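Breakdown of the fold
Here are the chains, one letter per residue:
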Amino acid sequence: MTQPTPVPRLDLAPKLKRPLSLWNPLDYLRLLYWVFYFPQAFRWYVDTFGGGYIQDTEMNWRKVWKLLQENVIHRNLSLQGLLLIIFTPLVLSGILESIGISVTWIGVGFALAFGVANAMTFVVANAVAFGVAFGVANAVAFGVANSVTSGVALGLANAMALGLANGVANGVTSGVANGVAFGVAFGLAFGVAVGYVVFGFAFGVTFGVAMWGVAIGMAISVAIVRPESWLIGLFFNIRYLQKSSLLFLRITSLPIPLLSARLRKWLQQDWEMGLYNVNQLLAYTLQFIPVVKAVNQILAKTSSEQIIYRVSQLAEAPFDWKLVGFVSASLTKEINLQLIRGFLFIRYWKEPFFPPLRVETRLDTPARATAAGFWYLHEKEPAKAEEAFAVVRPILYGEEMYTLAQNLAVFHHAKDFDDIVNIKSTSPPYQGGDTEKVLRPTTWKTISSLHRVVEDAQLVKRSVSRATRSFTLNHALGELTNILNNPQTLPQAERELILDIAETWQQALLQIAGEVGEISITKPVRNPYIIGDPVMGEKFVGREELIRQLEELWVMGEQLQSVVIYGHRRMGKTSILRNAANSLGSGVKVAYVNMLNAGNISEGVGEVLMAISDAVSDALNIQPPDDDKLLKLPEITFKRYLKQVVDKLQENSLQGLIIAIDEFEIIEELIAAKKIPDNFLGYLRGLLQMNSKIAFAFAGLHTLEEMTADYFQPFFASVIPIHVGFMEPAVTRQILANPIQFSDNDVETLYITSPHATSSQEDFLLDYKPEALDKIYELTHGQPYLVQLIGFVLVRRYNDQVFELGRDRDPVFTVEDVEAIINDTDFFKRGRYYFEGVWSQAKQGAKGQQAILEVLAPHPEGLSYDSAIAEVSKKGFDQKNLEEAIKTLQRHDVVEETQGRLSIIVELFRRWLVQQM
C-alpha cells in the first residue's frame, strides 16, 4: 500500500540572516522589493531583529523619539526609508526624462513631500515598519505618477498609485482578513462605482469623456488586487505549492488555484502541520479566502469528540484571529456586504480607511458554536462565550469550556472591591478528577488563583486582625501580580480577558484602604459585644498574637505543626479554633470538630472518625467515607480517606488541612470508659507522620501532661502546646474602645455622610475614660468573657439612659459607670455560667482546690503561701495534697503567687465567691 506523502512544511518568511545595512546598496533594492512585492516582510523584519512589531494606537512623538533613540533597528529602518522616499522618485523621474518623457518636477517635489509627511504621520500613529512601507510606496508611486505631463495619464497614474500605496499598507498592518476586505470590496466596488459617479463626472467635464472616471476607478482596483502578480506567480505555483519562492503570490488577494484543496488535504492528513501552514499563508500572503474555506470544510466533517479539541488548536496562536471568527461567521456573506456598501458608497466616508470585516457569529453547528466561543473569549466578551459554549456542553470538553466561560464572565463583571467580595462563582466540574484530562489546565490554575483572591478579599472585609488583613491583602495582590507577570503561560484566546480581570482587581484592592466615611448616632447603638457563644467573623478581636502564632505554624512554616490549645474556662479557645479557618487565607483549610456534639459514642472509634470525616468533608467539599465502612474497619477506612484528602490538597494547590478537635478531654473520658481503644492517639499520631500536609489542633481546659500520660504520651514530642492566657491590658483596652460594631445588615443605625463609608473598627461611637479602662482590667484581669460582659452591659445601660429615660449624657464611660453595673446583682446573674464553671472545675482533679478558694476569697490582697496552707489544713486537708491543688489552680489561671502571696487572679470571680459564702 502506498504511503501518503508527508505534509510539506511551508517556510514563506524572508531568508535574510542579518539586519539591513545603511551602507549596502543591495539592501535598498531589497527594501524596494519588500515595499511592492513582499510588504509582510516589514513585520517579520522588526519581529526578528527589532525586538517585536509595534502597532500602538496611542503612539505619539515622545514614544517614537524614545524608540528611535533606544532601538538601532527601528532607527536604521527609518533612515533607509527616508532615503528611499527622497532619492527613488528622483532617480526614476530622471530616467523618464532621459528617454524623452517630459517630467513635471514640481509634481515630483509635491509627491516627495507627500511621501515624507505620510511616513511621519503613520510612524507616529502606528509603527515604524508601517510608516516606512507606506511612505516609500506613496513617494515612489505618486512621484512617478506626478512626473508626467499628460492630464489623462496623470489621472490614471495617480489612481494606480493610490491603489498601490493602500495595497501595500494592507500587507503591512491591517491584517490578512482586513486586507482581503479592502482589496476585494473597496478596490473593485469603490473603483467601479465611485470611479464612475465621482471621478467620471469630474474628468468627464474636463476631458469630455465620462468613462475616464471608470478607468481611474479600475486602476485603483487593479493596483490593490495586483492581477499581474497573480499571473506571474501562477506559473510557478499551479502544479504544486512552493515551500518558499521569490515569486510566491504574496500581494494579491486573488485565490491561488487549487490552494483550498491542497490545504484541505494537508489538514485532513496532519491537522497540526496543516495549521502551521495556514499561519504561514496568513502571515506572508493575502490568501485568506481559500484558507477559511479549507478550514471550514475540514471542521464540518470533524466528529463531535474532536471538534472542541481541534478548534482549540486552531485558536492556540492564529496569525489572524479573524480566521477563528469566520469559522463561525460567513465570510462570503460579509464580503458580499462589503461589495454592496462599496458600490453604494456607504460607510467608507466615516469609517477607517481599511473597513474591518465584521464577525457575525452563528451557533447552528458544533464547529461554529465552538469557534464563536473562542472568538468571544479573545474579544473579551465572556458572557457571549458562555452562551456559545452552552450549545456544545454535551460533547467532549463542552462542559469544561462552558464552565470556564461562566467563571470568567462572573469575574469580568466584578469591577470594584464589593463586587469581588460578593462573587459566588461556579467551581470547575473536575475537582478530584485527573487534571491531565482537562483541555485548559493553565487557565483552570489561573481561575483557581482568582478564586483564592476572592476568598482573600472576603477575609479582608470580615477580618478584624490588622496583621491578618495586611497579610491576606498582600497574598491576594501577590496572586494577581503573578498572573500579570506571567501572561505567556495563558492560552491566547482568554489571555487578554484574564489580564484585564487581574488589572481591574489589582486596582480595586489597592483602593480599599482610602474609603472612609463620617458617622453619627441616630438610633440606639447596637451592642458590639458578644457573651456566651463563640465570637465569629468580624467581632473576633483581641487574639491577634495567637492567630499570628498559628499563622507562623500553619502558613509561613515549611510544614504544618500540630498544636494543643489550652487555658482558663471561657478564655476564647473555641473562638480561636472556629475563626482559624477565616484567618489563615485560602491556602490552609480547617476542619472543626466539637466532641461535645459527637453525641453518645456507642459504636467505638468509628463514630469518632465519622465526626472527623464529616468535618473534613465540609472543609474541602470531598465526599466522606461510607458510614458502614467506618464502623466496620474504622482505622483502615479513615486512613484511605486521608490519602484522598492529601490528593485533593495537592490538586487544588492548598498548603494543608488542620483537623481541629475542641473539648478534647472527652477523648480521655471515652478511653477511660473503654469506648475507644487505648492506642487511639497513637493511631492519630501515625496519621500525622503519613503526610506533612495534615496536622491536628486540640483545644481544652487541660495541658496534655494533666491528662492520662499513657494515653497522650505519643503526642508529647510532636504537638506544640499553646497557652491561651489572659489578655494584656493594651489588648483589653483595644477590644473595649474599638470593637467591630456593625455587620452589613446593621447600617440602618448610622447616618453615613459619605457614599463610600464602610463599617470598621472606627465606627464604635462610644468611648471610655482611661480610668474606666484601667478599672475594667483590674476587675477582669483581661478575661475575655468578662471583658465582653462588662462592655455589653455598659452599652445596654447607655441606650436605656439616653433613649429610654431621655437623659442627656456624654457618650463616654467612666469609672462610676463601671462600678454601677458591677454593683448591680443582675451582673453576676448574667455571668453565672462563667463563675459556676470555674467553681465546678475546681472540684475536679487535685483535692482541696475549692477549700483554697474559700480561704482566699475574703482577702483582695491575698494571703501568704504559708498562711493559706495553714488555714486550709484546718479543714482536714493534707499539706501535700494542698500543694498539688495550688499548682492545679495556678495551671488553670485561677490563682497566682506573687512575692510569696497567693491571691485569686480575677477580681470579679473573687467577689462572686464572697457573695456565695
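Before reading on, note that the structure itself is shown above.
Anyway, here's the lowdown on the structure attached to this text. (Residues numbered from 1 in each chain as written. Predicted model: local features only at pLDDT ≥ 70, side-chain atom pairs only at ≥ 80, totals over all residues. Heavy atoms only, no water.)

Digging into the overall build of the protein
- When its secondary structure is counted, the protein shows 41 helices and 12 strands.
- Looking at the protein alone, contacts between residues at least 24 apart form 74% of all its contacts between residues at least 6 apart.
- Total accessible area computed for the protein in this model is approximately 41500 Å², and 54% of it derives from carbon and sulfur atoms. (Helix = DSSP H or I, 4+ residues; strand = E, 2+ residues; numbered from the N terminus. Contact = heavy atoms within 4.5 Å. Areas by Shrake-Rupley, 256 points an atom, 1.4 Å probe, with all protein chains shown as cover.)

Here we look at the packing of aromatic side chains
- As enumerated under the stated definition, the model contains 16 aromatic pairs in all.
- Considering the side-chain rings of Phe38 and Tyr284, the 6.3 Å spacing of their centres and the 70° angle between planes classify their relative orientation as edge-to-face. Taken together, the residues Phe38 in the loop between helix 1 (25-37) and helix 2 (40-49) and Tyr284 in helix 12 (residues 271-284) connect sequence positions 246 residues apart.
- Looking at Phe38, the relative accessible area reads 4%, which means it is buried.
- Consider the rings of Phe638 and Tyr641, whose centres lie 6.4 Å apart with planes at 50°: the pair is tilted. Note that Phe638 and Tyr641 are positioned in helix 28 (residues 634-651) at a spacing of 3 residues, about one turn of the helix. (Phe/Tyr/Trp six-rings, centres within 6.5 Å; stacked < 30°, edge-to-face > 60°. Buried < 20%, exposed > 50% of the residue type's maximum accessible area, 1.4 Å probe, protein only.)

Some points on the sheet that holds strand 10 (residues 863-864)
- Here 3 strands make up an open sheet; going across it, the order is 10-12-11 and the pairing antiparallel. Looking along the sheet, the strands with just one partner apiece sit at the ends: strand 10 and strand 11 (895-898).
- Bridge count between strand 10 and strand 12 (residues 901-904): 2 bridges; the pairing is antiparallel. Opposite Ser864, over in strand 12, you have Arg901 as the bridge partner.
- Across the face of the sheet, helix 40 (residues 879-891) comes into contact with strand 11 and strand 12 while running at roughly 105° to strand 11. (Pairing = 2+ DSSP bridges. Axes fitted to C-alpha atoms, helices over the stretch in contact; angles between N-to-C directions.)

Description of the environment of Arg310
- If you trace the backbone, Arg310 turns up in helix 14 (residues 304-314).
- With relative accessibility at 16%, the residue Arg310 sits in the buried group.
- For the pair formed by Arg310 and Thr370, sequence separation is 60 residues and the distance between their alpha carbons is 9.8 Å.
- Ignoring sequence-local partners within four residues, the contact set of Arg310 consists of Trp271, Ile298, Leu299 and Thr302.

Regarding the packing of helix 32 (residues 729-737) against helix 34 (residues 784-804)
- As a packed pair, helix 32 and helix 34 sit with axes 10 Å apart at the nearest point and diverge in direction by 35°. Crossing hand, helix 32 versus helix 34: right-handed. In contact with Thr732, Ile735 and Leu736 of helix 32, helix 34 contributes Val787, Gln788 and Gly791.
- Among the residues making up the contact of helix 32 with helix 34, the classes are represented as 3 nonpolar, 3 polar and no charged. (Left-handed = near helix turned anticlockwise from the far one by under 90°. Nonpolar A, V, L, I, M, F, W, Y, C, P; charged D, E, K, R; others polar.)

Considerations on the side chain of Glu386
- With respect to the secondary-structure elements, Glu386 resides in helix 18 (residues 382-390).
- Here Glu386 is buried and forms no salt bridge, its nearest opposite-charge partner Arg393 lying at an N-O distance of 7.3 Å.
- Excluding residues within four positions of it along the chain, Glu386 makes contact with Tyr402, Ala405, Gln406 and Ala409. (Lys, Arg positive; Asp, Glu negative; His and termini not counted. Salt bridge = Lys/Arg side-chain N within 4 Å of Asp/Glu carboxyl O.)

Comments concerning helix 17 (residues 366-378)
- Given a rise of 1.5 Å per residue, 13 residues ought to cover 18 Å, and the 19 Å separating the end C-alpha atoms of helix 17 matches this to within 8%.
- Within helix 17, 10 of the 13 residues are buried, leaving the element largely enclosed by the surrounding structure.
- Ala367, Ala369, Thr370, Ala371, Ala372, Gly373, Phe374, Trp375, Tyr376 and Leu377 are the residues of helix 17 that are buried. (Expected span 1.5 Å × (residues − 1).)

Re the packing of helix 17 against helix 18
- Their axes nearest at 8 Å, the elements helix 17 and helix 18 cross at an angle of 165°. Classified by the interaxial angle, the pair formed by helix 17 and helix 18 is roughly antiparallel. Where helix 17 crosses over helix 18, the handedness of that crossing is left-handed. Contacts from Ala369, Thr370, Ala372, Gly373, Phe374, Tyr376 and Leu377 in helix 17 reach Pro382, Lys384, Ala385, Ala388 and Phe389 in helix 18. (Parallel < 35°, antiparallel > 145°, perpendicular 65-115°, else oblique.)

Overview of a positive patch on the surface
- Together, Lys629, Lys639, Arg640 and Lys643 give the surface a local cluster of positive charge.
- The dominant element in the positive patch, judged by the number of residues it contributes, is helix 28, at 3 residues.
- One can find Lys643 in helix 28. (Patch = residues over 30% accessible without salt bridge, like charges linked within 9 Å, V, L, I, M, F, W, Y side chains within 5 Å. Charge placed at Lys NZ, Arg CZ, Asp CG, Glu CD.)

Comments concerning the pairing of strand 12
- Note: strand 11 against strand 12, 4 bridges, orientation antiparallel. Across the sheet, Glu896 pairs through a bridge with Ser903, a residue of strand 12.
- Where strand 11 folds back on strand 12, the antiparallel hairpin that results is connected by 2 residues, among which Gln899 adopts a positive phi of roughly 50°.

A short note on the nonpolar core
- By size, the foremost hydrophobic cluster in this structure holds 107 residues, and its most contacted members are Trp34 and Trp505.
- Once residues within four sequence positions are removed from consideration, Trp505 is found in contact with Phe411, Ala414, Ile420, Ile423, Leu450, Val453, Val454 and Leu480.
- The next biggest cluster of nonpolar side chains, apart from the first, holds 58 residues, and it includes Leu766, Leu794, Ala868 and Val895. (Core = buried A, V, L, I, M, F, W, Y, C linked by side-chain atoms within 4.5 Å.)

Section: the pattern of salt bridges
- Applying the stated criterion across every chain, the model contains 18 salt bridges.
- Residue Glu381 is joined to Lys384 by a salt bridge in which the shortest nitrogen-to-oxygen separation is 3.1 Å.
- Across the salt bridge formed by Glu778 and Lys775, the nearest N and O atoms sit 3.5 Å from each other. Here the residue Glu778 and the residue Lys775 both occupy positions in helix 33 (residues 770-780), the gap between them amounting to 3 residues, near one helical turn.
- Take Lys775: its relative accessible area is 14%, and that puts it in the buried class.
- Three or more residues are tied together by salt bridges with common partners; here these are Arg18, Asp27 and Arg30.

Examining the sheet that holds strand 4 (residues 656-662)
- Within the open sheet, the 5 strands sit side by side as 3-4-5-2-6. Their pairing is parallel. For this open sheet the edge positions go to strand 3 (588-594) and strand 6 (719-724), each flanked by a neighbour on one side alone. Here the strands of the sheet are splayed against their neighbours by 20° on average, with no regard to which way each runs.
- Pairing of strand 2 (residues 562-567) with strand 5 (residues 694-700) involves 4 bridges; the strand directions are parallel.

Regarding a negative patch on the surface
- Taken together, the side chains of Asp614, Asp618, Asp626, Asp627 and Asp628 define an acidic patch exposed on the protein surface.
- For the negative patch, the secondary structure elements donating two or more residues are helix 26 (605-620) and helix 27 (627-632).
- With respect to the helices, strands and loops of the structure, Asp614 is situated in helix 26.

Topic: the environment of Asn597
- With respect to the helices and strands, Asn597 occurs in the loop between strand 3 and helix 26.
- Separated by 14 residues in the primary sequence, Asn597 and Ala611 place their C-alpha atoms 8.8 Å from one another.

Some details on unusual backbone geometry
- Residue Asn621 is not a glycine yet carries a positive backbone phi of 55°.
- Of note in this structure, Gln899 is not a glycine but carries a positive phi near 50°.
- Secondary-structure assignment places Gln899 in the loop between strand 11 and strand 12.

A few points about a nonpolar patch on the surface
- Together, Leu82, Leu83, Ile86, Phe87, Leu90, Val91, Leu92, Ile95 and Ile99 make up an exposed nonpolar region whose accessible area comes to about 740 Å².
- With respect to the helices and strands, Ile86 occurs in helix 4 (residues 72-98).

Points about the pairing of strand 3
- For strand 3, the tally of buried residues reaches 5 of 7 residues, placing the bulk of the element in the interior.
- Note: strand 3 against strand 4, 7 bridges, orientation parallel. Counterpart to Tyr592 in the pairing with strand 4 is Ala660.

Topic: helix 32
- The set of residues buried in helix 32 consists of Thr732, Ile735, Leu736 and Ala737.
- Summarising the contacts, the buried residues of helix 32 are in contact with strand 8 (767-768), helix 33 and helix 34.

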